[in-house]
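# Structural overview for review
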Amino acid sequence: MDEFMNAAIAEARQGISEGGIPIGSVLVRDGIIIGRGHNKRVQDGDPVTHAEIDCLRNAGRVGNYKGAVLYSTLMPCYLCAGAVVQFGIKKVYAGEDETFEGAKEFMLSHGVEVINYNSEECKQMMRNFIAEKPELWNEDIGV
């Protein structure tokens with residue numbers, strides 16, 4: 001795994017430490033992290049503060065996203081995939097899609113290159129969380 005996915009994992013771990021959902025994300029352009037975030041639905045009481053949305057908010061106005069790459073510890077859901085498509089981000093690295101399938105096909109159908117690390121570390125982090133707090137996980141994914 002590379003430094004950028006490791007930074008996303010660090011964000012996910014921060015989310016756990018805050019009592020939230022362990023999903024983290026970073027936005028990279030020209031080899032530099034320009035935004036980072038983690039799921040804050042619990043912390044902020046905001047149902048749309050997913051990791052990728054928090055990351056994009058924290059990046060602020062960047063002009064355009066040409067050449068930007070999004071890293072997320074979990075395959076982005078339709079909400080976050082919609083933001084990827086809307087802003088023209090053309091490459092997404094996901095830590096895994098085993099615990100949550102996400103919206104890979106949606107992104108692919110809109111010309112986004114999606115690379116899945118299939119990371120055991122990311123999978124285990126989510127498995128542990130889902131086992132410990134299934135009701136919170138089900139709320140997050142709309143079940």
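Procedures and definitions
- Residues numbered from 1 in each chain as written.
- Predicted model: local features only at pLDDT ≥ 70, side-chain atom pairs only at ≥ 80, totals over all residues.
- Heavy atoms only, no water.
- Helix = DSSP H or I, 4+ residues; strand = E, 2+ residues; numbered from the N terminus.
- Rg over C-alpha atoms; globule rule 2.2 N^0.38 Å.
- Buried < 20%, exposed > 50% of the residue type's maximum accessible area, 1.4 Å probe, protein only.
- Areas by Shrake-Rupley, 256 points an atom, 1.4 Å probe, with all protein chains shown as cover.
- Lys, Arg positive; Asp, Glu negative; His and termini not counted.
- Charge placed at Lys NZ, Arg CZ, Asp CG, Glu CD.
- Contact = heavy atoms within 4.5 Å.
- Polar contact = N/O pair within 3.5 Å; in protein donor to acceptor, adjacent residues only side chain to side chain.
- Pairing = 2+ DSSP bridges.
- Axes fitted to C-alpha atoms, helices over the stretch in contact; angles between N-to-C directions.
- Right-handed = clockwise from strand over helix to strand, strands pointing away.

### Let's talk about the overall build of the protein chain
When its secondary structure is counted, the protein chain shows 7 helices and 5 strands. For 143 residues, the compact-globule estimate of 2.2 N^0.38 gives 15 Å, and the C-alpha radius of gyration of the protein chain, at 14 Å, lies within 12% of that figure. Dimensions of the protein chain along its principal axes, counting C-alpha atoms only, are 40 × 25 × 25 Å. Within the span of the protein chain, comprising 143 residues, buried residues form 48% of the whole. Accessible surface computed for the protein chain: about 6800 Å², of which carbon and sulfur atoms make up 49%. Where the 14 positive side-chain charges of the protein chain centre and where its 21 negative ones centre are 6 Å apart.

### What to know about the environment of Asn39
With respect to the helices and strands, Asn39 occurs in the loop between β2 (32–38) and α2 (41–44). Judged by its relative accessible area of 1%, Asn39 falls in the buried class. Along the primary structure Asn39 and Val62 are separated by 23 residues, whereas in three dimensions their C-alpha atoms are 21 Å apart. If sequence neighbours within four positions are ignored, Asn39 has contacts with Ile21, Ile23, Thr49, His50, Ala51 and Asp140. Engagement of the side chain of Asn39 in a polar contact is seen with the backbone nitrogen of Arg41, the distance being 3.0 Å.

### Examining the sheet that holds strand β4 (residues 91–94)
Reading across the sheet, the 5 strands line up as β2-β1-β3-β4-β5 and stay open at both edges, with mixed pairing between neighbours. Of all the strands in the sheet, just β2 and β5 (113–116) have a single pairing partner and so form its edges. Neighbouring strand axes in the sheet, compared pairwise and without regard to direction, differ in orientation by 15 degrees on average. Of the strand pairs in this sheet, β4 and β5 are connected by 4 bridges, and their pairing is parallel.

### Focus: the pairing of β4
Across 4 bridges, strand β3 (residues 69–72) lies against β4 in parallel orientation. Bridge pairing links Tyr71 to Tyr93 in β4. Handedness of the crossover joining β3 and β4 through helix α4 (residues 78–87) is recorded here as right-handed. The handedness of the β4 to β5 crossover, carried by helix α5 (residues 104–109), is right-handed.

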